[in-house]
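Structural overview
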Amino acid sequence: MAPPGNPSLLTNPRLARWLTFEDDGGVVVRTGKSELGQGIDTALIQVVSDALAVSPDRVRLAAPDTSAGPDEGFTAGSLSVQQSAGALLAAASHARSLFAAAAEDRIGPVSDVVDGTFVGAASSLTYWDLRPDVDLDVDVPLEAHAHVRDSLVGTNVPRVDLADKILGRPRFLQDMRVAGMAFGRVIRPPYRGARLEDVDAAAVAREAGVLAVVEDGSVLGVVAESEILAREAADRLRASARWSGEPPTLDDSQVVAFLTGVDAETTVLADGPAVAAPALAARYTRPFLAHASIGPACAMAVDRPDGLVVWSHTQGVFPLRRDIARALGRDEADVEVRHVEGAGCYGHNPADDAAYDAALLAVRVPGRPVHVTWTREDEMGWAPFGPAMVIDIAAATDTTGRITAWSWDGYGNGHSSRPSTLPTPSLLAYGAQSGGTAIPPSQDPPQTAGAGTGRNAIPGYDVGPVRARAHRALEMPMRASALRSLGAHMNVFAIESHLDDLARMHAADPLEYRLRHLDDPRGRAVLERAAQSADWGRALPDSRGRGVGYARYKGTGAWCAVIAEVEAVDAIRVMGLWIAVDCGRVISPDGVANQIEGGAIQSLSWTLKERVRFADGAVTSNTWEEYPILTFAEVPPVHVSVIDRPDRPWLGAGEASMGPTAAAVGNALVDAIGVRVRDLPITPEAIVAAME
Amino acid sequence: MDSVHALTVNGADREIHCPEGTPLLWALRDALGLTGTRFGCGVGSCGACTVWVDGIPTHSCDTPMWSVAGKDVTTVEGLADAGPHPVQSALIDHQAGQCGYCLSGIVMRAAALVDSARADGRSLTEDEVRAGLDGHLCRCGAHGRIIRAIVAASEN
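Remember, predicted model here, so these are calculated numbers, not experimental data.

Criteria and thresholds
- Residue positions are given per chain, counted from 1 along the sequence in the order it is written.
- Each chain gets a letter, beginning with A, and each ligand a number, beginning with 1, in the order they are written.
- At least 70 in pLDDT is required for a residue's local features to be given in this predicted model, at least 80 for side-chain atom pairs to be given and counted, and no such filter applies to totals for whole chains, interfaces and linings, which use all residues.
- Secondary structure elements are defined from DSSP: runs of H or I of at least 4 residues count as helices, runs of E of at least 2 residues count as strands, and each element is numbered from the N terminus.
- Radius of gyration here uses only the C-alpha atoms, and the compact-globule reference equals 2.2 Å multiplied by the residue count raised to the power 0.38.
- Buried, partly exposed and exposed are defined by the number of other C-beta atoms within 10 Å of a residue's own C-beta, namely 20 or more, between the two limits, and 12 or fewer respectively, with C-beta atoms placed from the backbone.
- By the criterion used throughout, residues are in contact when their C-beta atoms, derived from the backbone, lie within 7 Å.
- Fitted lines through C-alpha atoms serve as axes, helices being fitted only where they are in contact, and the angles separating the N-to-C directions of these axes extend from 0 to 180 degrees.
- An angle counts as roughly parallel when it lies under 35 degrees, as roughly antiparallel when it exceeds 145, as roughly perpendicular when it falls between 65 and 115, and as oblique in every other case.
- The crossing is said to be left-handed when, going from far helix to near helix, the turn is anticlockwise and less than a right angle, and right-handed when the turn is clockwise.
- For this classification, Asp, Glu, Lys and Arg are treated as charged, while Ala, Val, Leu, Ile, Met, Phe, Trp, Tyr, Cys and Pro are nonpolar and the rest, including Gly, are polar.
- Strands are labelled as partners when DSSP assigns at least two bridges between them.
- Scored from 0 to 100, pLDDT reflects the predictor's confidence in each residue.
- To estimate the expected span of a helix, subtract one from its residue number and multiply by 1.5 Å.
- An automatic or database domain assignment supplies the start and end points of every domain.
- Note on terminology: a nonpolar core is a set of buried residues of type Ala, Val, Leu, Ile, Met, Phe, Trp, Tyr or Cys, with members joined through C-beta atoms within 7 Å.

**Structural notes on the overall build of chain A**
When helices and strands are tallied, chain A shows 16 helices and 26 strands. Expected size for 692 residues packed as a compact globule is a radius of gyration near 26 Å; at 26 Å, chain A falls within 12% of this value. Burial status across chain A gives 59% buried among its 692 residues.

Right, here's the structure in full:
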């Protein structure tokens with residue numbers, strides 16, 4: 001089911017780049033997509049196992065590696081299943097047809113393939129027997145492939161990585177230990193724009209166990225024999241460092257005015273007319289949001305005579321390699337980047353920055369692998385953040401309540417400053433190095449790639465002519481980049497809030513009002529399934545309310561509807577979520593449910609609690625106390641219905657529930673207490689502010 | 001200045017040379033190579049580093065080495081003698097996790113909760129598990145299945 005034009009296959013047509021048959025009777029499968037905790041490795045094994053007709057325990061998935069695997073860009077946009085599974089299905093089915101032909105040459109007609117053995121009338125041969133007969137150094141045809149009999153696809157296969165993690169076995173890059181390794185730290189400045197004036201580097205460099213102190217422009221780092229010594233040396237360097245320069249004056253309370261006032265580049269996403277007499281016009285805002293992974297960023301690098309090797313939990317080994325090479329002034333061929341699993345990744349987090357920290361330090365101690373772990377404070381304070389957004393929506397209706405015109409204006413920073421996508425390297429330390437350049441303003445992916453600020457900006461409903469313009473701010477109050485679902489979280493929140501208010505203005509049931517404006521049968525199906533599962537219409541006690549949110553992710557991805565029930569007494573408490581999702585043909589029903597539920601809970605956390613705070617160039621929300629996230633006590637029961645469409649292409653599920661969940665909660669609050677909160681997060685203070 | 005700290009780790013007597021104030025977490029990871037106990041925040045607010053000290057779940061990231069001299073420390077690697085602890089088996093059965101980084105700390109907390117409930121001849125409710133995991137953070141949103149798995153472990 002690789003549609004013509006699968007970008008992974010176009011970039012990496014050679015079959016041998018994707019899979020090889022090993023001497024031990026196994027198959028090594030290579031992907032360019034990183035396991036981030038989403039379970040992609042297991043899904044890919046299911047697909048390849050079915051396509052080759054070999055048992056899954058023969059299939060070993062090799063982590064992304066610039067020296068051996070395919071270049072599949074970034075692990076992003078809920079595209080890993082579409083791109084990597086699509087490419088691997090094509091590659092594996094082509095391999096199977098080549099081997100089948102070779103088998104028939106030797107043993108006549110093949111009646112079946114059983115765990116890698118081609119069964120003929122009189123004798124049998126395996127993939128491994130036939131290796132001398134088959135050349136894998138050929139291009140995989142781009143045309144669609146014959147349907148492969150499903151055995152594992154569509155079933156729940158236990159994750160290949162999870163048991164190790166539950167048993168505490170080394171699995172993460174954080175756990176990696178190799179002979180001769182050293183430990184490094186880069187000390188971040190006290191505020192953005194600070195220049196390093198002076199530091200007592202010599203005193204620290206003389207200490208036992210300290211291998212190197214690195215001073216390069218305003219980059220200050222240390223390498224030591226152990227993590228403990230590196231931490232202590234870093235503390236002493238921090239204490240003796242003097243910094244100069246004026247900090248920026250903007251704080252987080254001024255972001256909306258900044259983003260709507262600063263120079264911007266406007267992109268027209270839909271060129272309908274301005275809405276002349278809107279029935280409702282409103283502004284919606286969200287603050288900067290943090291990735292806030294439980295494990296701070298980590299990396300390891302070693303500079304050997306034959307090149308620099310970097311281990312990273314990056315989302316893209318090839319783009320990271322390009323930027324490390326650019327920043328160090330080396331040839332890409334002299335840099336290798338290997339993926340090793342890290343803690344959960346929800347977008348462009350500091351994995352790449354930590355990788356560059358390790359590379360910079362490793363260059364100073366040739367031959368020694370340098371392992372770098374960020375502090376919690378740096379993880380929350382110096383990572384790229386999900387951009388703050390300001391959304392203005394206006395809509396007109398006729399007398400029956402039918403929406404007749406719609407306009408959307410989105411203001412904010414671009415949603416990507418990923419490595420290799422900007423004119424200069426997008427690596428934190430590079431911006432502070434002598435001769436380095438500050439990280440340029442973030443950009444938005446093109447509309448054909450799902451846009452950024454404009455992701456899900458255009459409603460999936462029939463709302464008449466649409467005007468949609470994205471205004472990308474050309475200065476960043478904070479470094480901005482990709483956070484799970486990009487603009488879709490906020491746009492779906494805004495659109496679905498607006499739609500809900502229009503329904504109320506016309507005394508319509510919010511669910512019925514949506515269905516009235518929605519022709520897409522798969523969209524209607526998820527709304528109806530969610531409503532049925534939530535028992536939509538059932539009477540609720542006082543101070544409780546119910547709300548719905550819906551979107552098709554990016555307009556091209558999975559369909560998802562969420563119904564939330566909330567109780568609002570002293571605080572807003574989510575009592576339950578009922579979700580229906582259609583992501584086409586399902587590889588792993590449990591994997592889809594896990595991603596959809598996880599996305600919904602993370603979205604609840606963003607929507608109800610989270611806001612990056614900063615002043616005088618420093619992020620003040622750099623601890624869990626200052627940046628609280630949803631706790632075990634606050635997480636509601638979540639009911640996920642997966643609508644399987646075995647005859648439709650498979651689609652990613654990692655980001656589809658973010659927007660609909662945010663919207664459902666906001667709408668449920670209105671149902672409960674009649675208060676519309678348009679400025680996220682929906683805290684008790686925001687509810688009070690909205691009432692005034 | 002390094003000091004010698006004698007303690008028991010996963011049933012074995014160990015002597016660890018490190019400064020007095022070194023957090024137990026880094027002694028375990030650096031000196032003993034027990035990397036299953038994970039760094040999350042360094043100030044005891046996320047739970048990723050939870051181990052047992054004399055059987056009591058404790059944040060190893062802000063527990064100084066001087067305070068554990070002579071004590072009995074159990075990490076996720078030493079939780080069960082033969083085969084996984086029932087909590088670990090239940091987490092695997094429920095595929096309860098996404099990235100899994102928080103899980104070894106949650107395993108240590110939950111194992112203590114489950115062992116204690118079973119010793120009293122009872123099982124845990126979902127609300128008891130939620131309350132018990134109050135000091136643990138999960139960013140992936142795997143909470144629901146983690147809670148269900150721990151309840152199931154207490155029922156077996």
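We are not done yet, so read on.
**Structural notes on the overall build of chain B**
A count of helices and strands for chain B gives 5 helices and 5 strands. By the compact-globule yardstick of 15 Å for 156 residues, chain B fits well, its C-alpha radius of gyration being 15 Å. Each of the three principal axes of chain B carries a C-alpha extent, and together these read 45 × 30 × 25 Å. Counting all 156 residues of chain B, 59% fall into the buried class. Looking at chain B alone, contacts between residues at least 24 apart form 61% of all its contacts between residues at least 6 apart.

**Digging into unusual backbone geometry**
Residues apart from glycine generally show negative phi values, whereas peptide bonds are mostly found in trans. Residues Leu680 of chain A and Pro681 of chain A are joined by a peptide bond in cis, for which omega reads 0°. A positive phi angle, close to 45°, is found at Gln95 of chain B, a residue other than glycine. For Gln95 of chain B, a count of 24 C-beta atoms within 10 Å gives the class buried.

**What about the packing of helix H14 (residues 589–609) of chain A against helix H15 (residues 658–673) of chain A?**
Residues and elements named next belong to chain A. Remark: H14 packs on H15, axes separated minimally by 8 Å, with the N-to-C direction vectors making an angle of 50°. The pairing of H14 with H15 is recorded here as oblique in orientation. For the pair H14 and H15, the sense of crossing is right-handed. Side by side, H14 and H15 meet where Gly599, Ala600, Ser603, Leu604, Thr607 and Leu608 of the first sit next to Met658, Thr661, Ala662 and Val665 of the second. Tallied by class, the residues present in the contact of H14 with H15 amount to 6 nonpolar, 4 polar and no charged.

**Notes on the packing of helix H2 (residues 40–52) of chain A against helix H3 (residues 80–107) of chain A**
All names here are of chain A. At a closest axis distance of 8 Å, the pairing of H2 and H3 adopts a crossing angle of 25°. In this view, H2 runs roughly parallel relative to H3, as classed from their interaxial angle. Here the hand of the crossing between H2 and H3 comes out right-handed. Where H2 abuts H3, its residues Ile40, Ala43, Leu44, Val47, Val48, Ala51 and Leu52 lie against Ser80, Val81, Ser84, Ala85, Leu88, Leu89, Ala92, Ser93, Ala95 and Arg96. By residue class, the composition of the contact of H2 with H3 is 13 nonpolar, 3 polar and 1 charged.

**Things to note about the sheet that holds strand E12 (residues 264–271) of chain A**
Residues and elements named next belong to chain A. One open sheet holds the 5 strands; their spatial order is E12-E20-E19-E18-E13, and the pairing between them is mixed. Edge positions in the sheet fall to E12 and strand E13 (280–286), since each of these pairs with one other strand and no more. Within this sheet the neighbouring strands show an average axis-to-axis angle of 15°, counted without direction. Two elements, E13 and strand E18 (residues 389–397), share 7 bridges in a ladder whose sense is antiparallel. Residue pairing in the sheet places Arg283 in a bridge with Asp392 of E18.

**Notes on the confidence of the model for chain B**
Close inspection of predicted coordinates is inappropriate for parts of the model with low pLDDT. Summing up the model confidence of chain B, the mean pLDDT is 96 and the portion of residues at 70 or higher is 99%. For this predicted complex, the interface score ipTM comes out at 0.97, alongside a pTM of 0.97.

**A look at the environment of Arg29 of chain B**
The residue Arg29 of chain B is located in helix H1 (residues 24–31) in this model. The exposure class assigned to Arg29 of chain B is buried, which follows from the 26 C-beta atoms found within 10 Å. Remark: the alpha-carbon pair of Arg29 of chain B and Phe39 of chain B, spanning 10 residues in sequence, is separated by 9.3 Å. Beyond its immediate sequence surroundings of up to four residues, Arg29 of chain B is in contact with Glu227 of chain A together with Leu34, Thr35 and Thr37 of chain B.

**Brief notes about the pairing of strand E4 (residues 110–114) of chain A**
Residues in a regular strand project their side chains so that they alternate between the two faces of the sheet. All names here are of chain A. As judged from the 4 bridges shared by E4 and strand E5 (residues 117–120), these two strands associate in the antiparallel manner. Looking at the pairing, Asp112 lines up with Val119 of E5. Hairpin connection between E4 and E5: a loop of 2 residues separates the two successive antiparallel strands, and Asp115 in this loop has a positive phi of roughly 45°.

**Notes on H14 of chain A**
For H14 of chain A, which comprises 21 residues, the first-to-last C-alpha distance of 30 Å matches the rise-based estimate of 30 Å (1.5 Å per residue) to within 8%. The buried fraction of H14 of chain A amounts to 19 of the 21 residues, a majority that puts the element mostly inside the structure.

**With respect to helix H9 (residues 351–362) of chain A**
Residue and element names in this part refer to chain A. With 12 residues, H9 should reach 16 Å at 1.5 Å per residue; the first-to-last C-alpha distance of 16 Å fits that figure. Most of H9 sits out of view: 12 of its 12 residues are buried. When we look at burial in H9, the residues that qualify are Ala351, Asp352, Asp353, Ala354, Ala355, Tyr356, Asp357, Ala358, Ala359, Leu360, Leu361 and Ala362.

**Here we look at the domain arrangement of chain B**
Residues and elements named next belong to chain B. Each assigned domain of chain B is listed here: domain 1 (2–75) and domain 2 (86–155). For domain 1 and domain 2, the distance between their C-alpha centres works out to 22 Å. Counting from both sides, the interface comprises 11 residues of domain 1 and, opposite them, 11 residues of domain 2. The leading source of residues in the side of domain 1 that touches domain 2 is strand E3 (residues 50–53), at 3 residues.

**Some points on the environment of Leu44 of chain A**
Residues and elements named next belong to chain A. Its location among the elements puts Leu44 in helix H2. Considered as a pair, Leu44 and Ser312 are 268 residues apart in the sequence and their alpha carbons are 21 Å apart. The residues touching Leu44, leaving out its near neighbours within four places in the chain, are Val29, Thr31, Leu61, Ser84, Ala85 and Leu88.

**Digging into the sheet that holds strand E2 (residues 12–19) of chain B**
Two strands in a sheet stick together by hydrogen bonds in their backbones, pointing the same way (parallel) or opposite ways (antiparallel). Residue and element names in this part refer to chain B. Spatially, 5 strands are ordered E2-E1-E5-E3-E4 in an open sheet, and the strand pairing comes out mixed. This sheet does not close on itself; its edge strands, each paired only once, are E2 and strand E4 (56–59). Sheet twist, expressed as the average angle between the axes of neighbouring strands with direction ignored, equals 45°. As paired elements, strand E1 (residues 2–9) and E2 share 8 bridges and run antiparallel to each other. Pairing of Val4 across the sheet is with His17, part of E2.

**Observations concerning the nonpolar core**
Ranked by internal contacts, the top residues of the largest apolar core, which has 275 residues, are Val48, Val310, Ala358, Ile579 and Val581 of chain A together with Ile150 of chain B. Sort the elements by how many residues they give to this core and H3 of chain A lands first, with 12 residues. Once residues lying within four places of it in the same chain are set aside, the contact partners of Val581 of chain A are Val526, Ala558, Trp559, Cys560, Val592, Ile596, Val640, Val642, Ile643, Ala653 and Ala656 of chain A.

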